Every structure is written in structure tokens, then in C-alpha cells.
Amino acid sequence: MYRIISADNNDLKVQIDDFNPAHTFLCGQCFRWNQDGDQTWAGVALGRIIKLKWDGEICTFYDMTEKEFTEKWVHYFDLDTDYGTIKKILGKKDEHLEKAVSFGYGIRLLRQDLWEMILSFIISQNNGIPRIKKIIEVLSEHYGEKIPGGHGRHAFPEPSSIARSTIEELNICRGGYRLRYILSTAERLSQSPSLLDELKNLPSNQSRNLLLSFTGIGEKVADCILLYSGIDRNAFPIDRWVKRVIETLYFGKETDVNTIRAFARDYFGELSGIAQQYLFYYARENKIGL
């Protein structure tokens, strides 16, 4: 899945199979990565700035030791998972999946910070990606710690930092009706920090039920949180794009969300989460169902 090639002057070169940063960072699962040149990407994750360059086979991680890479970023980029085998299995199921997998061949499901996923996908409700990114950056600038040597960038804000604020103060990010969800969730997690560990350690169905007990978290947001934090790789978030692509390619008619969720569980099985990501990216980029 990956092989470290060299580690010269803290510039770590790693051969990575089944990866393309454009597919991974632009498929709707993360909001703090941006392209910084033709082959270069920069993001804020796990409390630091990370910059990488991709040449189609070798990924150069700048200012990265081999120790930090193996301890933190192998997990974050899900580099121990054999996506080559996953793509073969999914591609053999039907021609639609074969096309979706081929189109988004470089997608890897990131294993992101749980609290960041909770807040990010509360913000994502009825929102486009550019606006989601803007809201997150404004909140980070005002409530997150400045990253040492981070050229003015800020880490993702802690729940306690947001919990000390008010709706009026939070409105600096122009989050609309989502602000009361943001504040309520931050207050609850600030008062009971152990809830984050519970979400990570409970069986996935119980974690989902716990998430649904938070104000402003519905089924789609809960599934996004579970999938993109790595808690439940079987989660199958259903937004308008996923609903349309499943209706168009598999049902041929308008279908309710519960029927689609049951179909996904039965048809995709343990690969539901990654199948969803391939289908979502394929549908959105190709305007399927419009």
C-alpha cells in the first residue's frame, strides 16, 4: 500500500498505491485541504500544517520525519488499507460501480479527528463546500490556537473554546441557523469530554444513536461523522447526490432514503462506506441524476 523511499532533510518521499490527492481532498470528506500549485497540496490537520507534492506515484511530505509519518499520517491517510483489492471487488459488482471506481480511482477515506468531523458536518447542512470551508476557517481563526510556524494559520478550535462564546459572537462566521447547533454541541462536549471517547469505543450502532442525541445531528450528518472519522467504514451517508445516483443507476425511479440505506447495506456490505464515496464523487462530477 505504501513504501518509504527516502527521508532527506525531513522531506519524506513515499510511494503510495491507489492514491490521488485531488480525488481524496475534493470528494467532500474534508474541508481544510487546498491545492497549492499544480502538484502541491497544503492542509491543516491534527493540529499542524502539512504540505505534500504528488507526481502520480511518489508523494513528498515536506518537513516530515519518518517517525511522525508512521505514527500519525499512515493512519490518517488510511495507508494500511488495500484499496487495490477493494476496487477490484467493487468493480466486479456491476458496470456502474466499475465506472465510478475507475473515475475516482485515487480516493482514500481519511481517518480524521472526531470532533472536527462533528463540527464540520453540522456546518455542512444545506451548504456548499466553498461556504463550509469559509465558515470553518473563520471559526478556526477566532477560536483555534495559532499553529507555531504555521504562517498565520490556526488549528481547529476546541469545544471548550467555542463553548465560552455566544450565538452573537459566533455569528462572525455567518453560520445562520447552524450556530445554535454548533454552540449546543460544543457546550455538551465541553461539559462531558468523555463523550468523544465513548463515540470511538462504543459499537457503531450505539455511536450512531449517541450522535443522533445531539441537537442538529440527523441521520446523514451522523453517517458522515462516523465514516470520515473512521469509526464506521460501513456508514452510508445519503445526500442529494448519493440519492440521485442510486435512484438513477439502481432503481430507475424516486426512492425513499430508508430503502436506499437498506439496499446499500445489503448490496455493498462491509464496503458500503467506500462504495458511497466512489459513487458520490462520480455522480457529482458527472452531474448524474440532473
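The structure contained in this document is the topic of the report that follows. Counting from 1, residues in each chain are numbered in the order their sequence is written. This being a predicted model, a pLDDT of at least 70 is required before a residue's local features are given, and a value of 80 or more before pairs of side-chain atoms are given or counted; all residues contribute to the totals for chains, interfaces and linings. Side-chain calculation: all heavy atoms of the structure are included, whereas hydrogens and water are not.

1. Remarks on the overall build of the protein
Then comes step 1: Numbering goes from the N terminus for both helices and strands, where a helix is a DSSP run of H or I of at least four residues and a strand is a run of E of at least two. In terms of regular secondary structure, the protein is built from 15 helices and 6 strands.
Then comes step 2: Put simply, the radius of gyration uses C-alpha atoms, and a globule should come to 2.2 Å times the residue count raised to 0.38. Relative to the 2.2 N^0.38 estimate, which gives 19 Å for 290 residues, the radius of gyration of the protein is 19 Å and therefore close to what a compact globule would have.
Then comes step 3: With the C-alpha coordinates of the protein rotated into their principal frame, the extents come out at 50 × 50 × 35 Å.
Then comes step 4: By residue count, 53% of the 290 residues in the protein fall in the buried class.
Then comes step 5: Note on contacts: a residue pair is in contact if any heavy atoms of the two residues lie within 4.5 Å. Taking the contacts inside the protein whose residues are at least 6 apart along the sequence as the reference set, 63% of them involve residues at least 24 apart. The buried label goes to any residue with under 20% of its type's maximum accessible area, the exposed label to any with over 50%, and the partly exposed label to all in between, with areas taken from a 1.4 Å probe on protein chains only.

2. Describing the pattern of salt bridges
Then comes step 1: Whenever a carboxyl oxygen of Asp or Glu lies within 4 Å of a side-chain nitrogen of Lys or Arg, that contact is scored as a salt bridge. Applying the stated criterion across every chain yields a total of 14 salt bridges.
Then comes step 2: In this structure, Asp78 engages Arg233 in a salt bridge whose closest nitrogen and oxygen atoms are separated by 3.6 Å. You can see Asp78 sitting in the loop between helix 2 (66-76) and helix 3 (83-91) and its partner Arg233 sitting in the loop between helix 12 (219-228) and helix 13 (240-251), a full 155 residues away along the chain. Comparing Asp78 with Arg233, the two get one shared label, buried.
Then comes step 3: When salt bridges with common partners are traced through the structure, they connect Arg208, Glu219, Asp223 and Arg261 into a single cluster.

3. Considerations on the packing of aromatic side chains
Then comes step 1: Stacked, edge-to-face and tilted are the three classes for Phe, Tyr and Trp ring pairs, Trp counted by its six-membered ring, which pair at centre distances within 6.5 Å; planes under 30 degrees apart are stacked, over 60 edge-to-face, the rest tilted. The final tally for this structure, using the stated rule, is 26 aromatic pairs.
Then comes step 2: Measuring from ring centre to ring centre gives 4.1 Å for Phe25 and Trp33, while their planes differ by 5 degrees; the resulting arrangement is stacked. For the residue pair Phe25 and Trp33, the accessibility class agrees, reading buried in each case.
Then comes step 3: Aromatic pair Phe263 and Tyr267: ring centres 5.1 Å apart, planes at 15 degrees, arrangement stacked. Placement of the pair is Phe263 and Tyr267 together in helix 14 (residues 257-268), with a separation of 4 residues, close to one helical turn.
Then comes step 4: Classification of Tyr267 as partly exposed rests on a relative accessible area of 25%.
Then comes step 5: Among the aromatic residues, ring-to-ring pairing joins Tyr2, Phe19, Phe25, Trp33, Trp41, Trp54, Phe61, Phe69, Trp73, Tyr76 and Phe77 into one connected group.

4. Observations regarding helix 9 (residues 178-191)
Then comes step 1: With 14 residues, helix 9 extends 20 Å between its outermost C-alpha atoms, agreeing within 8% with the 20 Å of an ideal straight helix rising 1.5 Å per residue.
Then comes step 2: Looking at helix 9, one finds that the buried residues are Arg178, Leu179, Tyr181, Ile182, Leu183, Thr185, Ala186 and Leu189.
Then comes step 3: Buried residues along helix 9 sit in contact with helix 5 (114-123), helix 6 (129-143), helix 7 (159-163), helix 8 (167-170) and helix 10 (194-201). For a helix, the expected span equals 1.5 Å multiplied by the number of residues minus one.

5. Examining a negative patch on the surface
Then comes step 1: Patch membership is restricted to residues that have no salt bridge and whose relative accessible area is over 30%. Joining uses 9 Å for like charges and 5 Å for the nonpolar side chains Val, Leu, Ile, Met, Phe, Trp and Tyr. Exposure was quantified through the Shrake-Rupley algorithm and a 1.4 Å probe, taking into account, for residues, occlusion by the shown protein chains and nothing else. We treat Lys and Arg as the positive residues and Asp and Glu as the negative residues; His and chain ends play no part in the count. For the purpose of locating charges, the reference atoms are NZ of Lys, CZ of Arg, CG of Asp and CD of Glu. Taken together, the side chains of Asp17, Asp55, Glu57 and Asp82 present a region of like negative charge at the surface.
Then comes step 2: By the secondary structure assignment, Asp55 is in the loop between strand 5 (48-54) and strand 6 (58-62).

6. Overview of the environment of Arg48
Then comes step 1: Relative to the elements of secondary structure, Arg48 occurs in strand 5.
Then comes step 2: Classification of Arg48 as buried rests on a relative accessible area of 15%.
Then comes step 3: Once the C-alpha coordinates of Arg48 and Ile147 are considered, the two residues, 99 residues apart in sequence, prove to be 6.3 Å apart.
Then comes step 4: A polar contact is formed between the side chain of Arg48 and the side chain of Glu68, at a distance of 3.2 Å. Residues adjacent in sequence count toward polar contacts only when both atoms are side-chain atoms; beyond that, a polar contact is any pair of N or O atoms within 3.5 Å, and within protein one must be able to donate a hydrogen and the other to accept it.

7. Observations concerning the side chain of Thr255
Then comes step 1: On the secondary structure map, Thr255 appears in the loop between helix 13 and helix 14.
Then comes step 2: Those residues in contact with Thr255, other than ones at most four positions away along the chain, are Lys243, Glu247 and Ile260.

8. Notes on the packing of helix 5 against helix 12
Then comes step 1: Lines fitted to C-alpha atoms define the axes, with helix axes restricted to the stretch in contact, and inter-axis angles between N-to-C directions lie between 0 and 180 degrees. Close contact between helix 5 and helix 12 brings their axes to 9 Å; oriented N to C, the two are set at 150 degrees. By the angle between their axes, helix 5 is roughly antiparallel relative to helix 12. Here the hand of the crossing between helix 5 and helix 12 comes out right-handed. Along its contact with helix 5, which presents Leu114, Met117, Ile118, Phe121 and Ile122, the element helix 12 presents Val221, Cys224, Ile225 and Tyr228.
Then comes step 2: In this classification, the charged set is Asp, Glu, Lys and Arg, the nonpolar set is Ala, Val, Leu, Ile, Met, Phe, Trp, Tyr, Cys and Pro, and all remaining amino acids, among them Gly, are polar. For the contact of helix 5 with helix 12, the residue count by class is 9 nonpolar, no polar and no charged. Any angle between 65 and 115 degrees counts as roughly perpendicular, while under 35 counts as roughly parallel, over 145 as roughly antiparallel, and the rest as oblique. What makes a crossing left-handed is the near helix being turned counterclockwise from the far one by less than a right angle; a clockwise turn instead makes it right-handed.

9. Observations regarding the pairing of strand 4 (residues 40-45)
Then comes step 1: Burial runs high along strand 4: 5 of the 6 residues are buried.
Then comes step 2: The pairing criterion for strands is at least two bridges between them, as found by DSSP. Across 3 bridges, the pairing between strand 3 (residues 33-35) and strand 4 is antiparallel. Bridge pairing in strand 4 places Trp33 opposite Gly43.
Then comes step 3: Here strand 3 hands over to strand 4 after 4 residues, with Gly37 in that stretch at a positive phi of 120 degrees.

10. Quick look at the sheet that holds strand 6
Then comes step 1: Taken together, the 6 strands give an open sheet; going across it, the order is 1-2-6-5-4-3, and neighbouring strands pair in antiparallel fashion. Edge positions in the sheet fall to strand 1 (2-8) and strand 3, since each of these pairs with one other strand and no more. Direction aside, neighbouring strands of the sheet carry axes that sit 25 degrees apart on average.
Then comes step 2: Where strand 1 and strand 2 (residues 11-16) come together, 6 bridges link them in antiparallel fashion.

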